[in-house]
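The primary structure of each chain is shown beneath.
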Amino acid sequence: MTEGSPQSTSRAAKIIDRCRELACITDVPGGTTRLFLSPATREAHTKLLGWMQQAQLETRIDDIGNVRGIRRSAIAGAPTLLLFSHIDTVPNAGPFDGLLGVILSLAAIEELNDQHTILPFNIELIALSEEEGIRFTFPFLSSLALTGQLAPAHLTRTDANSITVAEALRNVGLNPDRVPTSCALLPNTFAALEVHIEQGPVLDEANESIAVVRGIIGQSRLCFAFEGQANHAGTTPMPLRHDALAAAAEWIVAVERCAATHSPLVATVGRLEVLPGGINIVPGRVNATLDLRHPDDRVRREAVVILQAAAQQAAASRGVRATSSLESEQATFPMNAVLTTQLQQAAHRAGPGARALFSGAGHDAMILAPHVPTAMLFVRSPHGLSHHPDETVREADVEAALATTLEFIRTLTL
Ligand code: HGY
Ligand code: MN
Ligand code: MN
């Protein structure tokens, strides 16, 4: 049952029910974990294709695993409006991150069909297959493919089982060699809209349903390794140790301190692997990840340098070696002002109105935006919670977002 909503058959309730139904398709029982090209992702593809076909869309799966459906205009050679978001998740995710945008866009298309709405443009709905970047430690692979930016270096990245992206694609019957052609946007895609949960506290604290997005924050993702010397926990005196975890721990405190002194920088060590991991062994090696975000790309890049130096310092004082690699980096990017104004006006006509917010979360919209005029609509995240199984939405907010999306589509000027 979604927060504050009686079970009902409203349009919004159906959207929420479908998100929760897809959330049950998972690689890890008991929660929602659906990584890039995993068995659960392929099962979700099948369900989504079925729903798209029920909505009379022309469907296909492209060679990076995006699920695509087209609502054709009666006008031959018409331009295309792109509606999109992602269907992959983080581990133990909530039901709405990414999925809400896909399912709400499908509901908008169903409503247009029910109303026999004739549009001077096609609508393409794309459920993107890899946004979070969990499996290959690189985000946005599918929107990079959509915009012709997938490079050979992306295809040779390996997962924890040393499977490359190219092999993972082939293992599910896709062809990485065809990506440039099969994943391209439809010709004359003139505008794009992503609907997504806010994943932060601003709308909930303001008690507002929806917001338009001004811009999306840039991010750097790095991997750090601290290499010391495993040794006996009982016989190795403290001054003779090269404790990789003690070095990493001092560095992690430096990460937190750097964010506190460079606000609104946010810095997160999300994954820590301690090896060999025995209770009676001095840790010989630690692998750690770092996620850095700041609206100003210059400050973010400065923070990368500061924290690489902090790792060296924490390591050197213990005879430990610290190394790091920049895995991915995206610059802060604005949404299209003209389209965002149209979206904000649609929100005022269709419902509660919408303030403009800056997104602290990364989104595929930041990859699309340099290539297609792109706008983004946020839906309140109650309690500001996301990347958590208790992530939720309110039916009234979903209804406001749907009504705004429909009004935006109906009044969109080419
Ligand atoms: O990490 C992010 O900001 C997004 O949820 N992928
Ligand atoms: Mn996410
Ligand atoms: Mn997301």
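Residues numbered from 1 in each chain as written. Chains lettered and ligands numbered in written order. Predicted model: local features only at pLDDT ≥ 70, side-chain atom pairs only at ≥ 80, totals over all residues. Heavy atoms only, no water.

Overview of the site of ligand 1
Looking at ligand 1, the residues that line it are E131, E132, Q199, R221, R293, A361, G362 and H387. Here an oxygen atom of ligand 1 sits 2.7 Å away from a polar atom, N or O, in the main chain of G362. Between an oxygen atom of ligand 1 and a side-chain N or O atom of H387, the distance comes to 3.0 Å. Bound to the protein, ligand 1 loses 94% of the 210 Å² it would expose on its own. When each cavity is represented as a set of grid points, ligand 1 is found to reside in the largest pocket. The residue makeup of the shell around ligand 1, split by class, is one nonpolar, three polar and four charged. (Near = heavy atom within 4 Å. Polar contact = N/O pair within 3.5 Å; in protein donor to acceptor, adjacent residues only side chain to side chain. Areas by Shrake-Rupley, 256 points an atom, 1.4 Å probe, with all protein chains shown as cover. 1 Å grid on protein atoms, 1.4 Å probe; cavity = no way out; pocket = protein on both sides within 12 Å on 5 of 7 lines; lining within 4 Å. Sits in = over half its atoms within 2 Å of the grid points. Nonpolar A, V, L, I, M, F, W, Y, C, P; charged D, E, K, R; others polar.)

Notes on the coordination of the manganese ion (ligand 2)
Bound to the manganese ion (ligand 2) are the protein donor atoms D97 (OD), E132 (OE) and H387 (NE2), situated 2.1 to 2.2 Å from the metal. Positions of the donor residues of the manganese ion (ligand 2), expressed as sequence spacing, correspond to D-x34-E-x254-H. In this structure, the manganese ion (ligand 2) lies 3.4 Å from the manganese ion (ligand 3), and both are coordinated by D97. Taken as a pair, D97 in the loop between strand 3 (80–86) and helix 3 (99–114) and H387 in the loop between strand 16 (374–379) and helix 13 (395–411) lie far apart in primary sequence, 290 residues in all. (Donors = N, O, S within 2.8 Å, 3.2 Å for Na, K, Ca; no water. Helix = DSSP H or I, 4+ residues; strand = E, 2+ residues; numbered from the N terminus.)

A few points about the layout of surface pockets
Roughly 910 Å³ of volume is contained in the largest pocket. Considering only residue class, the lining of the largest pocket consists of 15 nonpolar, 16 polar and nine charged. Put simply, the second largest pocket is a space of about 400 Å³. For the second largest pocket, the lining is made up of 23 residues, of which T137, C223, R271, E273 and T289 are closest to its centre. At the level of secondary structure, the elements contributing two or more residues to the lining of the second largest pocket comprise strand 7 (218–227), strand 10 (272–275), strand 12 (285–294) and strand 13 (321–330). A class-by-class count of the residues in the lining of the second largest pocket yields eight nonpolar, eight polar and seven charged. (Points joined across faces, edges and corners; volume = space filled by probe spheres on them.)

Thoughts on the coordination of the manganese ion (ligand 3)
Protein-derived coordination of the manganese ion (ligand 3) comes from H86 (NE2), D97 (OD) and H196 (NE2), at a distance range of 2.1 to 2.3 Å. Sequence positions of the residues that donate to the manganese ion (ligand 3) give the spacing H-x10-D-x98-H.

Observations concerning helix 9 (residues 244–261)
Between its first and last C-alpha, helix 9 extends 26 Å over 18 residues, near the 26 Å set by a 1.5 Å rise per residue. Structurally, helix 9 contributes buried residues whose contacts are with strand 7, strand 9 (266–268), strand 12 and helix 10 (297–316). At the N-terminal end of helix 9, a side-chain oxygen is found 2.9 Å from the backbone nitrogen of L245, two or three residues along, and the residue is D243. (Expected span 1.5 Å × (residues − 1). Contact = heavy atoms within 4.5 Å.)

Quick word on helix 13
Over its 17 residues, helix 13 extends 24 Å from the first C-alpha to the last, a length consistent with the 24 Å expected when each residue adds 1.5 Å. In terms of burial, helix 13 is a largely internal element, 13 of the 17 residues being buried. (Buried < 20%, exposed > 50% of the residue type's maximum accessible area, 1.4 Å probe, protein only.)

Quick look at the pattern of salt bridges
A full pass over the atoms with the stated rule returns 26 salt bridges. As a salt-bridge pair, E111 and R11 come within 3.2 Å of each other at their nearest N and O atoms. Of this pair, E111 sits in helix 3 while R11 sits in helix 1 (residues 11–23), and the two are 100 residues apart along the sequence. For R11, a relative accessible area of 31% puts it in the partly exposed group. For R298, the salt bridge is made with E302, and the minimal N-O distance between the two is 2.9 Å. With a gap of four residues between them, R298 and E302 both fall in helix 10, about one helical turn apart. Three or more residues are tied together by salt bridges with common partners; here these are D204, R380, R394 and D397. (Salt bridge = Lys/Arg side-chain N within 4 Å of Asp/Glu carboxyl O.)

Looking at the environment of H348
Mapped onto the fold, H348 is located in helix 11 (residues 337–350). Sequence-wise, H348 and T404 are 56 residues apart; in three dimensions their C-alpha atoms are separated by 8.1 Å. When neighbours within four sequence positions are excluded, H348 is seen to be in contact with G353 and A354.

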